[in-house]
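Spelled out, the chains give:
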Amino acid sequence: MASFAQQFRGLKCPPLNDNKFSTSKKNQNHYPPSLPKKTSVISAAAVAIANAQTRERMRLKEMFEEAYERCRTDPMEGVAFTVEDFYAALDKYDFNSELGTKVKGTVFYTDANGALVDINAKSSAYLSLREASIHSIKHVEEAGIVPGLREEFVIVGENEADDSLNVSLRSIQYDLAWERCRQLQAEDVVVKGKIVGANKGGVVAMVEGLRGFVPFSQISMLIRRLSRGLVNLFQKSTAEELLEKELPLKFVEVDEEQSRLVLSNRKAMADSQAQLGIGSVVIGTVQSLKPYGAFIDIGGINGLLHVSQISHDRVSDIATVLQPGDTLKVMILSHDRERGRVSLSTKKLEPTPGDMIRNPKLVFEKAEEMAQTFRQRIAQAEAMARADILRFQPESGLTLSSEGILGPLTSDLPADGLDLSDIPPAED
Amino acid sequence: MTRRYWNINLEEMLEAGVHFGHGTRKWNPKMAPYISAKRKGIHITNLTRTARFLSEACDLVFDAASRGKQFLIVGTKNKVADSVARAAIKARCHCVNKKWLGGMLTNWSTTETRLHKFRDLRMEQKTGRLNRLPKRDAAVVKRQLSRLQTYLGGIKYMTGLPDIVIIVDQHEEYTALRECITLGIPTICLIDTNCDPDLADISIPANDDAISSIRLILNKLVFAICEGRSSYIRNP
């Protein structure tokens, strides 16, 4: 049987080819094409070797011809709709393929460099790896693109070669990310950002997939400095250590048009340490000197150490006592939470007046003790003052709560922290 | 020949984008009777013709399947490769979804030899003879096996020439189409506005680029094949 077929095949091909070419030349304007000739050749060859298979095939072929003829002569049979329906419905399914239009599509094939998306257009669209997500990923699956995913894409380009479109998810994600950042800024929320790079002036952090800039001045170096034994460190080297770390950050500036995103670490730290108690002693570093005092950085917040609060003795030139980068212990006098401002003092911590100038180390060591003493004296003074008010105005509607806090009859807690700077210091 | 109603829905076709053609500059003037309009620089095929041809094709295919004929689906574009494979599995017919090797049908004797070798290798793998070979030989044999699997995997059960061939894109599969014509095998082909409608026996004017349109047409044909097969099983 196999040899039969081979022989037959050998016979069939050459005559058929010649015939096809010649007839096609003759019947170029002839429509339908040269079917009768072909069948006659086949039948001629078939007569020579009557093969059941070929006969079958010929019969099938004839059926196909008939079907084709039927299609031509009777174009509307078996079709459920008319031409008018078609034209009417055509407008509904028009496809807008301009750059920047959003389309809904389904992913149906992924490979190493991208994915193919089926949109209702001439041909499917291609989503390349770069355009799949804001973050840099190695495979589209990491961004969650699997076959069967239905999503909105935006058209970014067109492939001339095969009429396919290039789509992207990145632009949409960028818009969403900027929107989120704006909202977070409005709500004043602390976000965690990973440091990915450093440059002159600050570091770059990734927040919500966007790169934001954190200036050096806005980074609180306190933790690092403490761990190194209070040594003054050069700014650049700390930046390198910060790489790959996550810091709490707050938004300072979110501007989409100019692509500016500025974050601040110290604002975030300021929030987290808003519960700093009045009268507590903290370690701080001198940030800058001003004619009226020094700015001390404590745990992310800038506190002002006024020149009058440095020491009991008159300080003529601050530079003699303090230098930028000096570490010292200060006591918190008051805390303005809304503006993140803290008033500090070292005067209270001097065992003997004038110590700050002469012997800063002594102040340093004795700081805790002095603060304790100070607090006790303040508490006493307060109690005296409250008792006085009650005595003189019993019907003023104020009462003394269990903690000794003066307040209206109805409320339990004081409205805000006490502002101690108004109270004159108790003299020995 | 039985005429049945195949549910060819206009809405479905429009949604799949079957009516889109290629750009106006790239058309084949022989397609003029099947083109209905020009929009935004692309031709729109006349879906009434499409539906007519599709229903005829389904009838023919149903008839052939009910007489126990063999089908072959050819689609080698990498976009449509797995749809073709799935359609072939569903209809239980042969398919070529990786490269169409030249002479696959006209040089059937060689192809058959390769298929025998493929079958033998698979048998060896199943019986575990490959594990007894030294590592390098086993690797060589495995590589051969994978090559044969990719190129001939779809036709591994084919014993002779197929009776009907369904081709998905005329431009891509031109060699396959020519082979079928020389052998006299009836073909059903998906035609786009830049293709020649006279080459295949039944040419269905449709969009050959969008995966959903190819899927739609293949589904209809596969459905017809399945129906035909089931009636064949009932009364052979």
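Conventions adopted
- Residues numbered from 1 in each chain as written.
- Chains lettered and ligands numbered in written order.
- Predicted model: local features only at pLDDT ≥ 70, side-chain atom pairs only at ≥ 80, totals over all residues.
- Heavy atoms only, no water.
- UniProt positions renumbered as here; feature names shortened; annotations may be inferred.
- Pairing = 2+ DSSP bridges.
- Helix = DSSP H or I, 4+ residues; strand = E, 2+ residues; numbered from the N terminus.
- Axes fitted to C-alpha atoms, helices over the stretch in contact; angles between N-to-C directions.
- Contact = heavy atoms within 4.5 Å.
- Core = buried A, V, L, I, M, F, W, Y, C linked by side-chain atoms within 4.5 Å.
- Buried < 20%, exposed > 50% of the residue type's maximum accessible area, 1.4 Å probe, protein only.
- Domains from an automatic or database assignment.
- Salt bridge = Lys/Arg side-chain N within 4 Å of Asp/Glu carboxyl O.
- Disulfide = S-S within 2.5 Å.
- Phe/Tyr/Trp six-rings, centres within 6.5 Å; stacked < 30°, edge-to-face > 60°.
- Lys NZ or Arg CZ within 6 Å of the ring centre and 35° of its normal.

Under an unreviewed UniProt entry, the name given to chain B is Small ribosomal subunit protein uS2c, and the organism recorded is Sesamum indicum. Note on chain B: under the UniProt heading Sequence similarities (unreviewed entry), the record states "Belongs to the universal ribosomal protein uS2 family." UniProt lists a comment for chain B under the heading Subcellular location (unreviewed entry), and it reads "Plastid, Chloroplast".

By the naming in an unreviewed UniProt entry, chain A goes by 30S ribosomal protein S1, chloroplastic-like isoform X1 and is assigned to Sesamum indicum. Listed in UniProt under the heading Sequence similarities (unreviewed entry), the comment for chain A reads: "Belongs to the bacterial ribosomal protein bS1 family."

Further remarks concern the sheet that holds strand E2 (residues 114-118) of chain A. Residue and element names in this part refer to chain A. Strand order in the closed barrel made by the 5 strands is E1-E2-E3-E5-E4, with mixed pairing throughout. Looking at each pair of strands side by side, their axes are set apart by 55° on average, direction ignored. Bridge count between strand E4 (residues 150-158) and strand E5 (residues 165-168): 4 bridges; the pairing is antiparallel. Bridged to Ile155 within E5 is Val167.

This part is about the environment of Val165(B). Relative to the assigned elements, Val165(B) resides in strand E6 (residues 164-167). In this structure, Val165(B) is in contact with Leu72(B), Val74(B), Cys180(B), Ile185(B), Pro186(B), Thr187(B) and Ile188(B), ignoring residues within four places of it in sequence.

Of all hydrophobic cores here, the largest spans 91 residues; its most connected members are Ile188(B) and Ile202(B). Examining the composition of this core, we find that 11 residues originate from one element, helix H2 (residues 47-66) of chain B, more than from any other. When residues are assigned to domains, this core turns out to be shared by domain 1 (11-105 + 165-231) and domain 2 (108-153) of chain B, each giving three or more. Those residues in contact with Ile188(B) that sit more than four places away from it in its chain are Phe64(A), Ala57(B), Val61(B), Ile164(B), Val165(B), Ile166(B), Ile167(B), Ile202(B) and Ile204(B). Grouped together as the second largest cluster of nonpolar side chains are 20 residues, Ile134(A), Val191(A), Leu247(A) and Phe251(A) included.

Let us look at the side chain of Ser83(B). Within the secondary structure, Ser83(B) is located in helix H3 (residues 81-91). Once residues within four sequence positions are removed from consideration, Ser83(B) is found in contact with Ile211(B) and Arg215(B).

With that settled, consider the pattern of salt bridges. This model, assessed by the stated rule, comprises 9 salt bridges over all chains. Linking Arg182(A) and Glu179(A) is a salt bridge whose minimum nitrogen-to-oxygen distance equals 3.1 Å. Of this pair, Arg182(A) and Glu179(A) both sit in helix H6 (residues 170-187), 3 residues apart, roughly one helical turn. With its nearest N and O atoms 3.4 Å apart, the salt bridge here joins Lys30(B) to Asp196(B). Of this pair, Lys30(B) sits in the loop between strand E1 (20-23) and strand E2 (35-39) while Asp196(B) sits in the loop between strand E7 (187-191) and strand E8 (202-205), and the two are 166 residues apart along the sequence. Take Lys30(B): its relative accessible area is 40%, and that puts it in the partly exposed class. Judged by relative accessible area, which is 18%, Asp196(B) ranks as buried. Beyond isolated ion pairs, a larger network of salt bridges with shared partners links Lys30(B), Asp196(B) and Asp198(B).

As a further point, take the state of the cysteines. Residue and element names in this part refer to chain B. Considering all chains together, one arrives at 0 disulfides over all chains under this definition. Distance from the sulfur of Cys95, which forms no disulfide, to the nearest cysteine sulfur (Cys93) is 7.7 Å. Owing to a relative accessible area of 8%, Cys95 belongs among the buried residues under this scheme. Unpaired in this structure, Cys226 has its nearest cysteine sulfur neighbour in Cys93, at a distance of 8.2 Å.

Let's shift gears to unusual backbone geometry. For Arg92(B), which is not a glycine, the phi torsion comes out positive at approximately 55°. Looking at the secondary structure, you find Arg92(B) in the loop between H3 and strand E5 (94-96).

Residues and elements named next belong to chain B. Summed over all chains, the structure comprises 1 aromatic pair over all chains. Note on Tyr34 and Phe53: the rings are 5.7 Å apart at their centroids and 75° apart in plane angle, and the pair reads as edge-to-face. Taken as a pair, Tyr34 in the loop between E1 and E2 and Phe53 in helix H2 lie far apart in primary sequence, 19 residues in all. The pair formed by Tyr34 and Phe53 is uniform in burial state, with each residue classed as buried. Here the guanidinium or amino end of Arg122 rests over the ring plane of Phe118, the centre of that ring lying 4.8 Å away.

Attention now moves to the sheet that holds strand E3 (residues 42-45) of chain B. Residue and element names in this part refer to chain B. The strand order E1-E3-E2 describes an open sheet built from 3 strands, whose pairing is antiparallel. In this open sheet, the two edge strands, each paired with only one partner strand, are E1 and E2. When strand polarity is set aside, the average angle formed by the axes of neighbouring strands in this sheet is 30°. Bridging between E2 and E3 involves 4 bridges; their strand directions are antiparallel. Paired with Ala37 across the strands is Ile44, a residue of E3.

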